[in-house]
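Structure at a glance
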Amino acid sequence: MPTRTVTVASKVGLHARPAATFTRAVAGSGLPVTIGVAGKDPVDAASVLAVMTLGVQYGQEVTLHAEGDGATATLNELVALLATDHDA
Amino acid sequence: MPTVRTTVLRGRGVSPGVVHAPLARLAAPLVTSAADPVGAEPAAERVRLRQALEAVAADLTARADAAGGPCADILTTTAAMALDPTLRAAAEEHLERGCPTAHALTLAIEGFCARLDALGGYLAERVTDLRDVGHRAAAHLAGVAMPGIPAPGYPVVLVARDLAPADTATLEGGDVVAIVTEEGGPTSHTAILAGALGLPAVVGCPGIMAVPEGVTVRVDGTTGEVEPDPPAARRVGPTAAAPSDPPAVVGPGSTADGRPVALLSNIGTVTDAERAAATASEGVGLFRTEFLFLDRRTRPDVDEQARTYAAVLRAFGARRVVVRTLDAGSDKPLPFLPLGAEDNPALGVRGLRTATAHPAVLDDQLAALAAAAAGTARDVDVMAPMVATVEEAERFAVRARGHGLRRVGVMIEVPAAALRARELLEVVDFVSIGTNDLGQYTMAADRCSGALGHLLDPWQPAVLDLVAVVGEAGRAAGKPVGVCGEAAADPLLAAVLVGLGVSSLSTAPTARPAVHAALHGLSAPCCAVLADRARAARGANAARTTAARTRDELVGAG
C-alpha cells in the first residue's frame, strides 16, 4: 500500500484549476488514490470538489495513497505533478 | 413619466470604465424543489443524471475549446466539477431516498457549496461555477434550453445575481457593454473576465436586482457606483472616453505638489501578495491573516505561519508590509478559538479582544512574524484589530516588541480609538483606519444591513470628522496614519482623506491607478480644501457632491 508525502508547489495552492489538473491525472490512472492533509480525513483524489474543499495551500504537505497494480509508478507521477508549479 | 428615482447604488468596481445603457437581466435558472415529480426507478434516474452531467461537461469543454485564454481554464475546471465522482455519489444518495432527480443534484451541490463557502476567498467564489453545473444539468433533465446572455441587438447593461463562467465566456462581441452583479467579490469570474474583456463591471451591488428591466443605468466600474435613470448630464456615451479612466501615472503616489502618499495593497493570501507585488503597488497596507486560519481544526504552528509570512515578505522585497493579527470573532469562529455564542458579535469578543482568553494564538502569530522578518532579513509592520483603549494598544505593543518586532501599530475602527488617537500614538508607531468598521461603529449601523446602506456611506461627515481627529494626531506626532478600508479606493474620497492628514492608502491593487491619478492632479492644499468642504456638508451625499464640484473648480482653475 504505497504512500507518498509531497509539498504542494502551486503558488495558489490546490484551488480550482490546479485541483482539476491533479484530479484529471488521478482519474487517468484508473487507480483508487486518496489525498489527505494533517488534521483532516483523506478524500478521493479523483474528486475535484473533494480536493478543493481540503483547502490545500502553497507549501502545505499532502499525503497520497494508492492501491493496485502500478500504484508506485502512479504515485511517482502524481508527486511530480504536485511538486511542480505549473504557473511558474 | 418619473420612472425610478432610486438613489445611486454602490458596489465594488472591479473593471474600470463608465457607460450607460438599458438594463437587461440574465434569465433566472430553473429552481428545483423537493416537491418536483419524482422520476422513474432510481436505477433509471441514476443513468439520466449521469447522462445529464456528462452532457453538461461536454458542452462546457466545447465552450472551453472555443473560448481559449483564462475563460478556457475556468470552463475546463467547471467541466471537471460536472464529472466529479463524489458529487454524483452524493446526488445518488439523495435519489435513493426518493428525492426528485434534479433536486437530488441541487442538494448534493449545495452540500459542497457550504463547504467551499466556509473556506472563504477564492474557493468560496467558485460556488457560482458549481451551482451553474446544477442549473445546466437541471435544464438538461427537464429538456429545456439553458438561459443565456440577452442579445436584443442594442447595447445593454447585463444584471444578474451572479454570473457563472459559462455565461461570462460568451460575452465577447455581444450587446453587453457593462456588467453589474448583486453578489460576487473581486476574484469572481465576473471580475476576472470583465477585466479581460475590458467591460466596466461592478460586483457585490445590493439593490440592483430591484431595478426594472429596460431602465437606463449608469455604471462606473472604477468607483462601483450604479445610477439608475441618471440625469442627462451624466449620460456619457457607452463607448465614450470614460472620465474615470485615468491616464496612467507612474512612480510612487504623491499629490501634485509632491507630498508622498504611499499607495499600498490589501491582501489575504500569498497569491494575492504575488499578484500585488507584480504591480506598481508600494507595499501592503493590510495583510488579513485570517485566511491562514480558516477551515483548520488545529492552529497552524509557528513554523507554518512563518513560512507563509516569509513568502509574502519576500514577494515585496524592500517594500513596506503591514500585517494585521488574527481578526476572529463569534461571527467568524475558528475551531481552535472557542468564543461562545454572542447575541451581538460585532460588539463582542473579536479582534485583539480574543487575545485575553487565548493569548497563545497571538503569541504564536507574533513569534512567526518575527521569525519571518528575521528569515527574510527585512522589517515587518504588525498591527492589531479592534482596539478601543490606550491600555489595549500598549499591552499589544509591549508583547509585539517583546517578540522583537520593531514597528507596531493598531487599527482605528472604534470611535473611542479615533477620539484618543493622540494618546494611542504615544504608545504605537503608526495607526491604520479601517473605514468600514469605523463607519459601522460610528453610525451604529450593521455592516451587513442592506437597509442601512446610506448610513454606512464612508462620506458620512461624522466619519470624516473622526478621520480628521486621527489625521491631526498623526501630524502632531509625526507618525503615519493609513486608511485600509473601501473608502481609500474611491479616487475623490482618497483626495479628501489625504486632506484630512492620511499618509497612506491601501486598496485592492486594481484601484491604485485611479487613486494615483486623482492625487497626482491635486496639490496637498487643494486636498485640504476638499476635506474642509466635505466636512462642512450636512450629509454624505452633499459631502460627495461638494467635494466633486470643488475638485472640478480647482482642477479647472489649475
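Everything below is about the structure shown above.
Read on for an overview of the structure. Sequence order sets the numbering: in each chain, residues are counted from 1 along the sequence as written. Lettering for chains starts from A, numbering for ligands starts from 1, and both go in the order in which the items are written. Given that the model is predicted, a residue must reach a pLDDT of at least 70 before its local features are reported, and side-chain atom pairs must reach 80 or more before they are shown or counted; all residues, however, enter totals for whole chains, interfaces and linings.

As a further point, take the overall build of chain B. Only DSSP runs of H or I with at least four residues qualify as helices, and only runs of E with at least two residues qualify as strands; both kinds are numbered from the N terminus onward. Helix and strand counts for chain B stand at 21 helices and 16 strands. Counting every position in chain B, which comprises 558 residues, the buried fraction comes to 53%. Working definition of burial: number of other C-beta atoms within 10 Å of the residue's own, with buried at 20 or more, exposed at 12 or fewer, and partly exposed in between, all C-beta atoms being placed from the backbone.

Okay, the pairing of strand S9 (residues 262-267) of chain B next. Residues and elements named next belong to chain B. Counted residue by residue, S9 has five buried out of six residues, so it is predominantly covered. DSSP calls a pair of strands paired once it identifies at least 2 bridges connecting them. Pairing between S9 and strand S16 (residues 504-507): four bridges, direction parallel. In the sheet register, Leu263 faces S16, and the bridge partner there is Leu505. With respect to chirality, the unit in which S9 leads through helix H9 (residues 270-277) into the neighbouring parallel strand S10 (residues 283-288) is right-handed. Note on handedness: a crossover is taken as right-handed if, strands pointing away from the viewer, the path from the first strand over the helix to the second is clockwise.

Attention now moves to unusual backbone geometry. All names here are of chain B. Even without glycine at this site, Asp229 takes up a positive phi of about 50 degrees. Positive phi outside glycine occurs at Met386, with the angle close to 60 degrees. Topologically, Met386 is positioned in the loop between strand S12 (381-384) and helix H13 (390-402). Met386 sits in the buried class, given 24 other C-beta atoms within 10 Å.

Residues and elements named next belong to chain A. What a helix is expected to span follows from its residue count: subtract one and scale by 1.5 Å. Here helix H3 (residues 71-82) is 12 residues long and its end C-alpha atoms lie 16 Å apart, about the 16 Å a rise of 1.5 Å per residue gives. When we look at burial in H3, the residues that qualify are Ala71, Thr74, Leu75, Leu78 and Leu82. Buried positions in H3, seen along its axis, are confined to an arc of 95 degrees and lie on one side of it. Of the exposed residues in H3, those oriented more than 90 degrees away from the buried face are Thr72 and Ala80. For the purpose of contact definition, each residue receives a C-beta atom placed from its backbone, and two residues are in contact when these atoms lie within 7 Å. Residues of H3 that are buried sit in contact with strand S1 (3-7), helix H1 (16-29), strand S2 (33-36) and strand S4 (61-66). The directions considered for the arc run from the helix axis to the C-beta atoms.

Now for the interface of chain B and chain A. Chain B puts 24 residues into the contact, and the matching count from chain A is 20 residues. Residue assignment for the side of chain B that touches chain A shows that the elements contributing at least two residues are helix H2 (69-82), helix H3 (85-96), helix H4 (101-119), helix H5 (121-125) and H9 of chain B. If you tally residues by element for the side of chain B that touches chain A, the top one is H2(B), at five residues. For this scheme, ten residues count as nonpolar: Ala, Val, Leu, Ile, Met, Phe, Trp, Tyr, Cys and Pro. Four count as charged, namely Asp, Glu, Lys and Arg, and the remainder, Gly too, count as polar. For the side of chain B that touches chain A, a count of residues per class yields 10 nonpolar, five polar and nine charged.

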